[in-house]
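Each chain, letter by letter, is given below.
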Amino acid sequence: MVSYGILFLGLFILFFTNEVCLLENGLAKTPPMGWMSWGYYMCADNCSANPDRCLNEELIMSVADAFYNEGYQEAGYEYIIIDDCWSERQRDEKGRLVPDHKRFPRGMKFLADYIHGKGLKFGMYLNIAVDTCMRYPGSRGHFRVDTKSLAEWDVDYVKVDGCFVEEEYLDIAYIKLGHYLNKTGRPMVYSCSWPYYKKYIHKHEPVYSQIVPICNMWRNYHDVAVKWGHVRYIYKFYEGMATEIGKYHGPGHWNDPDMLIVGTNALSPNQNRIQMSIWAMLSAPLIFSCDMKQVTADERRLLQNLQLIAVAQDPLGRMATPHKIQRDVTIWVKLHLPSKGDMFYSYSFAIVNLGTTSVSVTLRPRRYGLNSTDDYTVMDVFSGNMLKNMSAYASMEVIVPPEDVIMYSLFPL
Ligand SMILES: *[C@@H]1O[C@H](CO)[C@@H](O)[C@H](O)[C@H]1NC(C)=O
Ligand SMILES: *[C@@H]1O[C@H](CO)[C@@H](O)[C@H](O)[C@H]1NC(C)=O
Ligand SMILES: *[C@@H]1O[C@H](CO)[C@@H](O)[C@H](O)[C@H]1NC(C)=O
Ligand SMILES: *[C@@H]1O[C@H](CO)[C@@H](O)[C@H](O)[C@H]1NC(C)=O
């Protein structure tokens, strides 16, 4: 354990101290895991028309119950996050945001207490503009009062959106809001959308060295939607950008490819495996969004796959490196713990085939940095089976079916 600590400190000094300092709120040392309303429920505020798709107190409590009763909490899922559309249309006479009276009749402190009572954590949503993305009241001009409200409600996590502002304001607002969050004295995970708006709305490259000291995590790319095509676009983005943005990624500060849609039954089993394994390989936040009552048994097993979650939550927090070996086929490689001494690390390989025919891939571990002269034990992450022991200098043939992924973890013996 001591040697991991020293190694980590070494990497940390190497990568960061000369360039930038990091946000020091002590949170998100591993990528946050949880559930968020947006992906599946979106702005579900018309409850009389759609009682089954309603963003209200009952929904949030039912997610906490499901986490507590159905194994999600034991697997590591922790944060339950309300996205946009939670407030009344008007602030109160003191200028404070007020939770929607009909949908959240007992208020947010009540929900926080309920969630904390189960040993879980509570997240909420703000936007830096006058309005939120869905035209609810935004926080511009109210940063102090809104962060204070969140702290009084015992919120643990805040997602802050960046719709409807000019670029100069975008670049100062996240810094200012972070300052007010800190001043509340309550540690809250600070999830930003700054680089996304910088790049895709204002058409300038984000300066990640400015973002890392301010936010615990940040969205780099477009929102996911409950469709395979969106997961695929996001996959492609990270495949292209991993090297560039990987260096800003680590304990306390994460690139965020947005929510998992595993659990919505929108993806086939193989597509579910691709999203889940690549998010784990990226050390991405694992925040899913779905109707907890409709999660299939297969989806639940995948969401709660402990071998996969161990890779996702590895304390070193590396982003996997993609090696494209042919059109539509990429080998993602991630170094992680446990290590044998301070030399020989474990590695996971996710071999993704986005093509329409099966491919046979020759995996030569030595090529990707595995260098122990003793053997490695090979585990199939999805089944949990130990397949065999092999030398890093040997090779193995892996058949990857069309639009699927094979994922192995190799542990040094
Ligand atoms: C809710 O949906 C119903 C049926 O579509 C519609 O008539 C009503 O205007 C909606 N209410 C609000 C507040 O949007
Ligand atoms: C506020 O920032 C200081 C200095 O970085 C840090 O030590 C402290 O833990 C922060 N507090 C909160 C509540 O985030
Ligand atoms: C093996 O790889 C690790 C990680 O890249 C490196 O620190 C170590 O020096 C290498 N050891 C040998 C014997 O090559
Ligand atoms: C791999 O090697 C270990 C240690 O020698 C041994 O306990 C284990 O049974 C081997 N596993 C397989 C699948 O051969």
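Here the structure is a predicted model, which means the values were calculated and not measured.

Attention now goes to the environment of Trp153. Residue placement: Trp153 occurs in the loop between α6 (143-152) and β4 (157-161). On a C-alpha basis, the gap between Trp153 and Lys109 in space is 4.3 Å, while along the polypeptide they are 44 residues apart. Residues within four places of Trp153 in sequence aside, it is in contact with Trp86, Leu97, Pro99, Met108, Lys109, Ala112 and Met124.

Okay, helix α11 (residues 269-281) next. With 13 residues, α11 should reach 18 Å at 1.5 Å per residue; the first-to-last C-alpha distance of 18 Å fits that figure. For α11, the tally of buried residues reaches 11 of 13 residues, placing the bulk of the element in the interior. Considered for burial, the residues of α11 that qualify are Asn270, Gln271, Asn272, Ile274, Gln275, Met276, Ser277, Ile278, Trp279, Ala280 and Met281.

Looking now at the state of the cysteines. Under the defined criterion, the tally for this structure stands at four disulfides. What pairs with Cys47 in a disulfide is Cys54, and their sulfur atoms sit 2.0 Å apart. Between Cys47 and Cys54 the disulfide shows an S-S torsion of about 85°. By sign, it is right-handed. The connectivity of the disulfide bonds within the chain can be written as 1-4, 2-3, 5-6, 7-8, using the sequence rank of each bonded cysteine. Of all cysteine sulfurs, the one in Cys215 lies closest to Cys21, which takes part in no disulfide; the gap is 13 Å. When its relative accessible area of 55% is taken as the criterion, Cys21 is described as exposed.

With that out of the way, let us pick up the confidence of the model for the chain. In low-pLDDT segments, the atomic positions of the prediction should not be examined closely. Model confidence for the chain is summarised by a mean pLDDT of 95, while 95% of its residues fall at 70 or above. Per-element confidence in the chain ranges from a low mean pLDDT of 45 for helix α1 (residues 2-17) to a high of 99 for strand β2 (residues 79-81). Scored below 50 in pLDDT, residues 1-18 makes 17 contacts in the model with residues more than four places away or belonging to other chains.

So, about helix α5 (residues 107-117). If you check which residues of α5 are buried, you get Gly107, Met108, Leu111, Ala112 and Ile115. On its buried side, α5 packs onto α3 (57-69), β2 and β3 (121-127).

This next bit is on the site of ligand 2. The immediate surroundings of ligand 2 are formed by Glu24, Asn25, Asn182, Gly185, Arg186 and Pro187. One of the backbone nitrogen or oxygen atoms of Glu24 is found 3.2 Å away from an oxygen atom of ligand 2. A distance of 2.3 Å separates an oxygen atom of ligand 2 from a polar atom in the side chain of Asn182. Protein contact buries 54% of the 370 Å² of open area that ligand 2 shows by itself.

The subject of this paragraph is the domain arrangement of the chain. For the chain, the assigned domains are domain 1 (14-312) and domain 2 (321-412). Taking only C-alpha atoms into account, the centre of domain 1 sits 31 Å from that of domain 2. In this assembly, 23 residues from domain 1 lie in contact with 23 residues from domain 2. Note on domain 1 versus domain 2: buried area summed over both sides is about 2000 Å², and carbon and sulfur give 65% of it. Along the contact surface separating domain 1 from domain 2 lie two salt bridges. Here Asp404 makes a salt bridge to Arg273, at a shortest N to O gap of 2.9 Å.

Two strands pair when backbone bridges link them, and strand β9 (residues 321-326) and strand β10 (residues 329-340) are joined in this way by five bridges, in the antiparallel orientation. Its bridge partner being in β10, Gln326 is matched across the sheet by Val329. Counted along the chain from β9 to the antiparallel partner β10, the turn is two residues long, and its residue Asp328 has a positive phi close to 75°.

Our next topic: the nonpolar core. One finds Trp35, Phe67, Tyr77, Trp86, Ile128, Tyr190 and Phe288 to be the most contacted residues of the largest nonpolar core, which totals 121 residues. Of all the elements, helix α10 (residues 228-246) adds the most residues to this core, at eight residues. When residues of this core are sorted by domain, at least three fall in each of domain 1 (14-312) and domain 2 (321-412). For Tyr77, the contacting residues outside a window of four places in its chain are Met33, Gly34, Phe67, Tyr72, Leu120, Met276, Leu286, Phe288, Leu303 and Ile309.

Per the counting criterion, the structure on display carries 26 salt bridges. Two residues, Asp100 and Arg103, come together in a salt bridge whose shortest N-O distance is 3.6 Å. Grouping residues by exposure puts Asp100 and Arg103 together as buried. Notably, a salt bridge pairs Lys199 with Glu205, separated by 3.6 Å at the nearest N-O pair. Lys199 gets classed as buried once you look at its relative accessible area, which sits at 18%. Overall, Glu205 belongs to the partly exposed group, its relative accessible area being 47%.

With an omega of 0°, the peptide bond between Leu337 and Pro338 qualifies as cis. Here Pro338 is to be found in strand β10. You will see that Met42, though not glycine, has its phi angle at about 50°, which is positive. Relative accessible area serves as the criterion here: at 42%, Met42 is assigned to the partly exposed category. Even without a glycine there, the phi angle at Cys85 is positive, about 85°. Residue Cys85 is classed as buried on the basis of its relative accessible area, which comes to 1%.

Rules used throughout
- Just so you know, the residues in each chain are numbered from 1, in the order the chain's sequence is written.
- Chain A is the first chain written and ligand 1 is the first ligand written, with later ones labelled in order.
- Selection of residues for local features in this predicted model requires a pLDDT of at least 70, selection of side-chain atom pairs for listing and counting requires 80 or more, and totals for whole chains, interfaces and linings are taken over all residues.
- The basis for every side-chain value is the complete set of heavy atoms in the structure, and neither hydrogens nor water enter the calculation.
- The helix and strand labels rest on DSSP assignments: H or I over at least four residues marks a helix, E over at least two residues marks a strand, and numbering proceeds from the N terminus.
- Residues are treated as being in contact if the distance between any of their heavy atoms lies within 4.5 Å.
- Here the expected length of a helix is defined as 1.5 Å per residue gap, with one fewer gap than residues.
- Using a 1.4 Å probe on the protein chains alone, a residue whose accessible area is under 20% of its type maximum counts as buried, one over 50% counts as exposed, and one in between counts as partly exposed.
- The definition used for a disulfide is geometric: two cysteine sulfur atoms within 2.5 Å.
- Per residue, pLDDT captures the predictor's confidence, and it can take any value from 0 to 100.
- A cutoff of 4 Å decides nearness: a residue is near a molecule or strand if any of its heavy atoms lies inside that distance of it.
- As used in this structure description, the phrase polar contact means that two N or O atoms lie within 3.5 Å; if the pair is within protein, one of them must be able to donate a hydrogen and the other to accept it, and residues adjacent in sequence are counted only when both atoms belong to side chains.
- Each accessible area value is a Shrake-Rupley result obtained with a 1.4 Å probe; residue values ignore everything except the protein chains displayed when judging cover.
- Where a domain begins and ends is set by an automatic assignment or by a domain database.
- The term buried area means the drop in 1.4 Å probe accessible area that two parts suffer when joined, counted for both and summed.
- In what follows, salt bridge is the name for a side-chain nitrogen of Lys or Arg lying within 4 Å of a carboxyl oxygen of Asp or Glu.
- In this scheme, strands are said to pair when DSSP sees at least two bridges between them.
- Residues belong to a common nonpolar core when they are buried Ala, Val, Leu, Ile, Met, Phe, Trp, Tyr or Cys residues joined through side-chain atoms within 4.5 Å.

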